[in-house]
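Inside the fold
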Amino acid sequence: MVQVTGESLQTELEMFDIPCQDDSVLDKLVELCICNRIQADEMVLEWVAYSTTKNGLKLTLDTLEQFDHEVINKKGKSKPSSRKEDSHNRTRDINSLQDLIKAEEEEENLLDAYCTPAKGSQKRALTTPEHPQSKRTAALIASPGLLLSPASFSPSATPSQKYSQRGAKGEVVVSFGAVQGTRWTGRKAPGAGVQLELLEGPEESLRCSYKYMFQRQRDVRNVLTEKIEELGESLKSHFNIEEFSPVSLPAQDSITVLGQICCDSNGKLNAQSVLLEAGPEQGGQQVPVDLSELKEFSLFPGQVVAMEGMNTTGRKLMASKLYEGSPLPFYTSEVKMETSDEPLNILVACGPYTPSDSLTFDPLLDLINVIARDRPDVCLLLGPFVDSKHEQIEKGQVTETFEAIFSRCIESIVDGTKSIGCHLVFVPSQRDIHHHFIYPQPPFTLSNLSKDQVQRVTLVPDPCTLLIDGVTFGLTSTDILFHMGAEEISSGTGSDRFSRILKHILTQRSYYPLYPPAEEVNMDYEKFQSFGQMPLTPDVLIIPSELRYFVKEVVGCVCVNPGRLTKGQVGGTYSRLLIQRSDTSDDEKRVSPCLTAQVVKI
């Protein structure tokens, strides 16, 4: 499908001598074209036919709404039959292409006859009962659509059957807060007057790419040591601990020690393999820990804790009490801000935006339709946008560059939401194949945005802390929930695993507290120290994961896992929140600015 622009529509309208000076009308037409997959010339022909039946109707926003309701929506409902016709036409094309493939095979066979048997056998893989033809190869030969290597919105892309036949569209699967009678629409002018910025400010944030892959072990050690000392100070003041003892010093009395949890081998942590590694101030040594006397515990590698217990020999600590960290305070504005009567509607979605069996961005187009319908004030869109784990990308079956697919994807989102005027925030992912594979990850660079688009598009790093109308949002697209869930051990806590892990993230004051990190995460520890720590406890933490979607309140922070927009070949979920900041005095109890939140099936 050729990209529809305001200029191409203006040209088509001028051909029929239809005046259109209003940019908002053109934006609405572009949105209708993208959402309904109609070309510019076809859209203008539909309008000419419609306006003629209505005695030469003028082209305005109101008449476009009528036109959308009376013509375009009905056209969309009658699409399945036309799709069948398209598939019949495509079948004829396939037959002709199969004839072409057969002709090429015959030509190859003729060439093989003139080759030596060895060369011929190298050229063609034999299909025998021992080595049957793979289903994948058979599928490639049977459907030239795959041979043509679909990329993005290309006409040769075969739509995912499972995705198009999914059920329960728009079903609310998780609710949080008072949702009855809630209107899930943005303000009258979405995005207007919304203050959106990085909390640390542009100077203190990760803004551009940096050199990586040459960090020294000494630098990593220094970063981890500083983390132990910093969290140790907060533990000392929070629990009124006088001082920490060296971990390996024999003592007949009960002592309190500080250190980082680690495993005694390269395997997975368990209750018998726990070591406590102290910082240089406490001797810098490791000591095995016996957890049998603890009634409850929840530990993971890299966690900074204080433990009370006996270490009579200096070789093993019998832990009797565990001190875990405390979260940072919430954001308080130094300048009094004006509070709006209307809550802010925020939509959150996380990639991949294509089904695993096709590179058509159908789920993304459905999401643009949702944005056009609900008109949110801010859309937080997290990667991957071009997924490195996609089957066709892994096998190199694309004809465009990854950057071209990405820029076309972003253009569609920006153009499809132009008439709505909502703010768009793009967060990169480690799985974005065209982007830097490092954590913390620098923001995307989009050089082809116009001045109007730049004003409503914000490119942020992973992770980051955003300030939206006085409400703080913690964002990360890295699946820390999944990584910590695989490493955490617990006993007798009584709480669910998600709540425990989320509490660890907030009390360890880091977007990625796990050490050593998962194999798929390439960590740059010097940058991580500067850009991967939480400056405060966010009001809302967006933490997408492969694990089941949820909305939970943990230590006063509303944590949202919106799920992924696609799960394999089927549709996934996205999330929406209503946010309203309330001014509270120092004496009053803090009220969460998140009024309500939902996770919805696409």
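Right above here is the structure, for reference.
Summary of the structure given here. (Residues numbered from 1 in each chain as written. Predicted model: local features only at pLDDT ≥ 70, side-chain atom pairs only at ≥ 80, totals over all residues. Heavy atoms only, no water.)

Points about the sheet that holds strand S8 (residues 317–323)
- Spatial strand order, S3-S4-S5-S8-S7: five strands in a closed barrel with mixed pairing. With direction set aside, neighbouring strand axes in the sheet form an average angle of 55°.
- Here helix H10 (residues 217–238) sits on the sheet and contacts strand S3 (251–263), strand S4 (274–277), strand S7 (304–311) and S8; the angle it forms with S3, its principal contact strand, is near 130°. (Pairing = 2+ DSSP bridges. Helix = DSSP H or I, 4+ residues; strand = E, 2+ residues; numbered from the N terminus. Axes fitted to C-alpha atoms, helices over the stretch in contact; angles between N-to-C directions. Contact = heavy atoms within 4.5 Å.)

A closer look at a negative patch on the surface
- Among the surface-exposed residues, Glu226, Glu229, Glu230, Glu233 and Glu281 lie close enough to one another that they form a single negatively charged patch.
- Following the sequence through the fold, glutamate 229 ends up in helix H10. (Patch = residues over 30% accessible without salt bridge, like charges linked within 9 Å, V, L, I, M, F, W, Y side chains within 5 Å. Areas by Shrake-Rupley, 256 points an atom, 1.4 Å probe, with all protein chains shown as cover. Salt bridge = Lys/Arg side-chain N within 4 Å of Asp/Glu carboxyl O. Lys, Arg positive; Asp, Glu negative; His and termini not counted. Charge placed at Lys NZ, Arg CZ, Asp CG, Glu CD.)

A few points about the side chain of lysine 28
- Secondary-structure assignment places lysine 28 in helix H2 (residues 23–36).
- The class for lysine 28 is buried, based on a relative accessible area of 11%.
- Aside from chain neighbours lying at most four places away, what touches lysine 28 is Leu61, Leu64, Glu65 and Ser419. (Buried < 20%, exposed > 50% of the residue type's maximum accessible area, 1.4 Å probe, protein only.)

Topic: the pairing of S4
- Of the two faces of S4, the one carrying Val274 and Leu276 and the one carrying Leu275 and Glu277 are both buried.
- Where S3 and S4 come together, four bridges link them in antiparallel fashion. Note that in S4 the partner of glutamine 260 across the bridge is glutamate 277.
- Alignment of S4 against strand S5 (residues 286–290), held across three bridges, turns out to be antiparallel.

Description of the nonpolar core
- Within the largest apolar cluster, 61 residues are counted, with the highest numbers of intra-cluster contacts made by Leu367, Leu381, Phe385, Ile413 and Phe426.
- Counting residues per element, this core draws most heavily on H2, which supplies eight residues.
- Grouped together as the second largest cluster of nonpolar side chains are 32 residues, Cys350, Cys464, Val558 and Cys594 included. (Core = buried A, V, L, I, M, F, W, Y, C linked by side-chain atoms within 4.5 Å.)

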